[in-house]
Amino acid sequence: MAKINIIPIFVPHLGCPNDCVFCNQKRITGVSNFDINNVLKTIEDHLSYFSPLSPREIAFYGGSFTAIEEDLQKELLSIAKSYKDRGLVDGIRLSTRPDCIDDHVLTYLKGYGVDTIELGIQSTNEKVLNLSKRGHDRSSIFYASKLIKEAGFKLGLQQMLGLPGDSQEYSIETCKEIIGLKPDFVRIYPTLVIKNTELEHMYLNGTYKPLTLDEAVDLASKLIMLYENSNIEIIRVGLQATENLKFDKDVVAGPLHDAFRELCESKKLYMVLKAAKLDIRENENISLYSNARNNALLVGQRGSNKENLKKLFKTDKIKFKVDNTLADQIKIIAEKTYLVDIKENIKKIVKGW
Ligand code: SF4
């Protein structure tokens, strides 16, 4: 499928009735003042440099769109609709909270041509929702997701890792419940401690401990395997880098890394090779063949995964070679030759979770 070019309109915290402990939307989106007059300019600017041949969507991100005053929502949606009606964009998407969805809302979103609704659900665990001050219970998540699917929208669900009270067990349980909701796609975000949030106070007074980078990568790679095994598209893992999303700017603590997804995908391939239980002797010469993308992941960021694989196979003599005929497989030539099927091994790994 051709890559969709997104025209992002950030509606930072506009109308959101809540203050989740981790949220400072003004900082996360990098926009502190919203001006509706800039919306047209943002759309026109993006359209001027997108190829007319690739699909384009207007996306209202950053806050809880359907919690904004209804008149303003409709004003924003009518701008987006006018572009869709003229064939200048192909779709409209927005993100919101589960408790800001009902039949009335879905009816007018349909009328304005909205195609995709993303729900920030973060966790399905009641304790985690409470401690994160999400302001709704788990039943809202199931109710809103069902309504959205029944009304014929594309459904996206966002899951967060490492929230207050969270654990690996709860995250895996949330992931399985999300899979049960049959979303069209998901996003996975590790929790970061952002300046001027309640979570920052909790971190500073010792009542909240963020995941380390290793813990977050380990857990996110497991969720990636669970979602992939259920054929659910994962459109993002980790927050998108912005000017302020840095340790010396707005991020106080947490598993922030520019290439977070790559770290997780590398870990996934490490786990696949581990699960394959290859019969390789100590100090053997090994050549790992895979396509270009998997080759880069097998080597890992600054060779980190290569070091892990050396430990796994108990040898320093590993070579990484590109063979683009291998789509979902890794060929290992050692004393014997092995063909490791990535999907089959993922199926094996997640079976026990
Ligand atoms: S619902 Fe979303 S926008 Fe509102 S406080 Fe929570 S994370 Fe922020």
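Because the structure is predicted, anything quoted here is derived from the model rather than measured. (Residues numbered from 1 in each chain as written. Predicted model: local features only at pLDDT ≥ 70, side-chain atom pairs only at ≥ 80, totals over all residues. Heavy atoms only, no water.)

1. Some thoughts on the overall build of the chain
Our working rule: Only runs of H or I of at least four residues qualify as helices and only runs of E of at least two qualify as strands under DSSP, and these elements are numbered from the N terminus. We compute the radius of gyration over the C-alpha atoms and compare it with the globule rule, which gives 2.2 Å times the number of residues raised to the power 0.38. Each residue is placed in one exposure class: buried if its accessible area under a 1.4 Å probe, protein chains only, is under 20% of its type's maximum, exposed if it is over 50%, and partly exposed if it falls in between. Pairs of residues are marked as contacts when any of their non-hydrogen atoms sit within 4.5 Å. Only the protein chains shown count as cover for residues, with accessible areas throughout obtained via the Shrake-Rupley method and a probe of 1.4 Å. Residues counted as positive are Lys and Arg, residues counted as negative are Asp and Glu, and His and the chain ends are not counted. A charge is said to be at NZ when it belongs to Lys, at CZ for Arg, at CG for Asp and at CD for Glu.
For the chain, the count of helices and strands is 13 helices and 13 strands. Relative to the globule expectation of 20 Å for 353 residues, the C-alpha radius of gyration of the chain, 22 Å, shows essentially globular dimensions. Overall, the C-alpha framework of the chain stretches about 70 × 50 × 40 Å when taken along its three principal axes. When each of the 353 residues of the chain is scored for burial, the buried share is 52%. Considering only intrachain contacts with a sequence separation of at least 6, the fraction spanning at least 24 residues in the chain is 78%. Working note: accessible area of the chain is about 16700 Å², and carbon and sulfur atoms make up 48% of it. Of the side chains in the chain, 49 bear a positive and 47 a negative charge, and the two mean positions are spaced by 6 Å.

2. As for the site of the ligand
For clarity, the cut-off: Working definition: residue near molecule or strand if any one of its non-hydrogen atoms lies within 4 Å of it. Residue classes follow a fixed rule: Ala, Val, Leu, Ile, Met, Phe, Trp, Tyr, Cys and Pro count as nonpolar, while Asp, Glu, Lys and Arg count as charged, and any other residue, Gly among them, counts as polar.
Taken together, 11 residues form the shell around the ligand, and within it Cys-16, Asn-18, Cys-20, Cys-23 and Arg-97 come nearest. Of the residues in the shell around the ligand, the class split is four nonpolar, four polar and three charged.

3. Let's talk about the sheet that holds strand E10 (residues 286–290)
This is how it is decided: The pairing criterion for strands is at least two bridges between them, as found by DSSP. Simply put, an axis is a line fit to the C-alpha atoms, just over the touching stretch for a helix, and the angle between two N-to-C directions goes from 0 to 180 degrees.
Strand order in the open sheet formed by four strands is E11-E10-E12-E13, with mixed pairing between adjacent strands. Lying at the two open borders of the sheet, with one neighbouring strand each, are strand E11 (318–322) and strand E13 (337–341). Neighbour to neighbour, the strand axes of the sheet diverge by 20° on average, direction disregarded. The pairing of E10 with E11 spans five bridges and is classified as parallel. The partner of Leu-288 across the bridge, within E11, is Phe-320. Contacting E10, E11 and strand E12 (329–333), helix H11 (residues 292–299) crosses the sheet at an angle of about 155° to E11. On top of the sheet, helix H12 (residues 304–313) reaches E10 and E11; it is set at about 125° to E11, its chief contact.

4. A few points about the environment of Leu-109
With respect to the helices and strands, Leu-109 occurs in helix H4 (residues 103–111). You can call Leu-109 buried: its relative accessible area is 0%. Not counting residues up to four positions away in its chain, the partners in contact with Leu-109 are Thr-66, Gln-73, Leu-77, Leu-94, Val-114, Ile-117 and Phe-153.

5. Looking at the packing of aromatic side chains
In plain terms, the rule: Under the pairing criterion, centres of Phe, Tyr and Trp rings, with the six-membered ring standing for Trp, must be within 6.5 Å; the plane angle then separates stacked pairs below 30 degrees from edge-to-face pairs above 60, leaving the rest tilted. Here, a charge over a ring means that NZ of Lys or CZ of Arg falls within 6 Å of the ring centre while also lying within 35 degrees of the ring normal.
What the rule picks out here adds up to three aromatic pairs. Pairing Tyr-49 with Phe-50 gives two aromatic rings, centres 5.5 Å apart and planes at 85°, and the pair type is edge-to-face. On the basis of relative accessibility, which here comes to 54%, the residue Tyr-49 falls in the exposed class. Judged by relative accessible area, which is 13%, Phe-50 ranks as buried. One cation-aromatic arrangement involves Lys-74 over Tyr-108; the distance from NZ or CZ to the ring centre is 4.9 Å. Its end group placed over the ring of Tyr-289, Lys-331 keeps NZ or CZ at 5.5 Å from the ring centre.

6. Examining the nonpolar core
Applied cut-off: As used here, the term nonpolar core means buried Ala, Val, Leu, Ile, Met, Phe, Trp, Tyr and Cys residues forming a set that is joined through side-chain atoms within 4.5 Å.
In this structure, Phe-60, Leu-109, Ile-117, Tyr-227 and Ile-332 are the most contacted members of the largest nonpolar core, which totals 85 residues. The contacts of Tyr-227, once residues within four sequence positions are left out, are Gln-159, Cys-175, Ile-178, Ile-179, Val-186, Ile-188, Ile-232 and Ile-234. Core analysis: the next-biggest nonpolar cluster, separate from the first, contains 13 residues, Val-193, Leu-199, Met-202 and Tyr-208 among them.

7. A closer look at the side chain of Asp-323
Test applied: Salt bridge criterion: a side-chain nitrogen from Lys or Arg within 4 Å of a carboxyl oxygen from Asp or Glu. N or O atoms within 3.5 Å of each other form a polar contact, as long as, within protein, one can give a hydrogen and the other can take it, and as long as residues adjacent in sequence are counted only when both atoms are side-chain atoms.
Looking at the secondary structure, you find Asp-323 in the loop between E11 and E12. Among buried charged residues, Asp-323 stands out as having no salt bridge; its nearest opposite-charge side chain is Lys-331, 4.5 Å away. Here the side chain of Asp-323 touches Thr-325 through a polar contact of 2.5 Å, side chain to side chain. Those residues in contact with Asp-323, other than ones at most four positions away along the chain, are Tyr-289, Ser-290 and Asn-291.

Just distances and angles here, no functional claims.
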